[in-house]
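What follows is the residue order along each chain.
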Amino acid sequence: MSNYCDIKHSPTFVDWSTGFLTGEGIEESVKKLGELQGLFQDDSAWRSMDPGTVVYRVQFWRPVKDGTAGGLFWGATEVRPGRVGDEFFMTHGHFHLNPDRAELYATIRGSGMLLLMTEDGETWAETMWPGSVHYIPGRTGHRVANVGAEPLVFVASWPSDAGHDYERVLTSGFPKRLVLRNGAPCLV
Ligand code: M6P
Ligand code: ZN
């Protein structure tokens, strides 16, 4: 929409209380338990659960074509509360196909952990709470777990030519996992 002197309203809108995006060209992907085979350590616990259970959903806005050098994307991810065995619900996690590309995350609501892993397998976690901002350097795998009782929502921005390398996470995996131990989250 534009008026007479070239001032436009952006067609994209974020509700900061929920992270929810509205407007033109917003895409969405929903990840259910059944699609996340091999991700959680306790395979028998995974099999005993309803495969239709939603683990997380991502809304994203790609103002330029995927793969464009120099552009940026924006996304909002909601990770539902829950566990498979004693392991918290989490995103798949990925490295970037264009390995040196970085990314920013900022938490809107809930309580979580950002798991980070170098290419050598060194792993650590950063706590996520409303307002926390996280810089994810290039060559660093990233995954988010919800360690609270309510949905965890965070926004993200990443280069349009970053790409997602999921294979590497599946084959070599994150060496550390976020589990419930004596009533509290623990990286083991
Ligand atoms: C964030 C961004 C997205 C990513 C999403 C879910 O919003 O990092 O690029 O797709 O989280 O993570 P994953 O792709 O690992 O499932
Ligand atoms: Zn990423």
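The structure we're discussing is the one just above.
Residues numbered from 1 in each chain as written. Chains lettered and ligands numbered in written order. Predicted model: local features only at pLDDT ≥ 70, side-chain atom pairs only at ≥ 80, totals over all residues. Heavy atoms only, no water.

Describe in detail the coordination of the zinc ion (ligand 2), supporting the description with residues and values.
The zinc ion (ligand 2) binds to the protein through His94 (NE2), His96 (NE2), Glu103 (OE) and His142 (NE2), with metal-donor distances spanning 2.0 to 2.2 Å. Each of the 4 donor atoms bound to the zinc ion (ligand 2) contributes to angles spanning 86 to 155°, and the resulting shape is irregular. Sequence spacing of the donor residues for the zinc ion (ligand 2), all on one chain, is H-x1-H-x6-E-x38-H. With Glu103 in strand E8 (residues 103-109) and His142 in strand E12 (residues 140-146), this pair connects stretches of sequence that are 39 residues apart. For Glu103, a relative accessible area of 5% puts it in the buried group. (Donors = N, O, S within 2.8 Å, 3.2 Å for Na, K, Ca; no water. Tetrahedral: all angles 85-135°; square planar, octahedral: opposite > 155°, others 65-115°. Helix = DSSP H or I, 4+ residues; strand = E, 2+ residues; numbered from the N terminus. Buried < 20%, exposed > 50% of the residue type's maximum accessible area, 1.4 Å probe, protein only.)

Could you give an account of the environment of Thr22, naming the residues involved and the relevant values?
Note on placement: Thr22 falls in strand E2 (residues 21-23). Residues Thr22 and Cys186, spaced 164 residues apart in sequence, show a C-alpha to C-alpha distance of 36 Å. Apart from residues lying up to four places away in sequence, Thr22 is in contact with Pro11, Thr12 and Phe13. (Contact = heavy atoms within 4.5 Å.)

Break down the packing of aromatic side chains for me, with residues and values.
On inspection of all chains with the given rule, the structure shows 4 aromatic pairs. Taking the centre distance of 6.3 Å and the plane angle of 85° together, the rings of Trp16 and Trp74 count as edge-to-face. Of this pair, Trp16 sits in the loop between strand E1 (12-14) and E2 while Trp74 sits in strand E5 (residues 72-79), and the two are 58 residues apart along the sequence. For Trp74, a relative accessible area of 25% puts it in the partly exposed group. Arranged with centres 6.1 Å apart and planes meeting at 85°, the rings of Phe73 and Trp158 form a pair that is edge-to-face. Linking Phe73 in strand E5 with Trp158 in strand E13 (residues 152-159), this pair joins segments that are 85 residues apart in sequence. As far as burial versus exposure is concerned, Phe73 and Trp158 are alike and both buried. The residue whose ring lies beneath Arg168 is Phe95, and the NZ or CZ to ring-centre distance is 4.5 Å. (Phe/Tyr/Trp six-rings, centres within 6.5 Å; stacked < 30°, edge-to-face > 60°. Lys NZ or Arg CZ within 6 Å of the ring centre and 35° of its normal.)

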